[in-house]
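Observations on the three-dimensional arrangement
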Amino acid sequence: MDELNGKLIACQILITGLIARVANEQRDPLRFLTDFRDEIKAVVGGVKIVGMDNTDRVRATAQRTVDELFSLMKPPSSD
């Protein structure tokens, strides 16, 4: 289980870096990140989850993960 958690954390870091890289190339990085976060949250809210009794718990965990992922990103510096 620890190996799986480590791989998931590594995947989150990789995705966070990729999103930040794309955002930095945009004219308005904060707007891009906000729009992208909203799109991802909509996808998580609408994705069909089968094979589980408690899909609300899985969906809530996924939503928290999205929030965590985007909370790791800081606004661009004013330098």
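Refer to the structure printed above.
Remember, it's a predicted structure, so these values are computed and weren't measured experimentally. (Residues numbered from 1 in each chain as written. Predicted model: local features only at pLDDT ≥ 70, side-chain atom pairs only at ≥ 80, totals over all residues. Heavy atoms only, no water.)

1. Some details on the pattern of salt bridges
Under the criterion given, the structure shown has 4 salt bridges. Here Asp38 and Arg37 are joined by a salt bridge, their closest N and O atoms 3.1 Å apart. In this structure Asp38 comes out as partly exposed when scored by relative accessible area, which is 39%. Between Lys41 and Asp67 there is a salt bridge, and its shortest N-O distance comes to 2.8 Å. Here Lys41 is found in helix H2 (residues 29-46), whereas its partner Asp67 is found in helix H3 (residues 55-71), with 26 residues between them in sequence. Asp67 sits in the partly exposed class, given a relative accessible area of 34%. (Salt bridge = Lys/Arg side-chain N within 4 Å of Asp/Glu carboxyl O. Buried < 20%, exposed > 50% of the residue type's maximum accessible area, 1.4 Å probe, protein only. Helix = DSSP H or I, 4+ residues; strand = E, 2+ residues; numbered from the N terminus.)

2. Quick word on H2
With 18 residues, H2 ought to run about 26 Å at 1.5 Å a step, and its terminal C-alpha atoms sit 26 Å apart, in line with that. All of the buried residues in H2 are Pro29, Leu33 and Val44. Mapping the buried residues of H2 onto a view down its axis gives an arc of 40 degrees, with all of them on the same face. Facing away from the buried surface of H2 by more than 90 degrees, the exposed residues are Arg31, Ala42 and Gly46. (Expected span 1.5 Å × (residues − 1). Arc of directions from axis to C-beta.)

3. Topic: the environment of Arg64
In this fold, Arg64 is placed in helix H3. C-alpha of Arg64 to C-alpha of Lys41: the two residues are 23 residues apart in sequence and 9.6 Å apart in space.

4. Points about the side chain of Gln63
Secondary-structure assignment places Gln63 in helix H3. Within the structure, the side chain of Gln63 is placed 3.2 Å from the backbone oxygen of Lys41, a separation counted as a polar contact. (Polar contact = N/O pair within 3.5 Å; in protein donor to acceptor, adjacent residues only side chain to side chain.)

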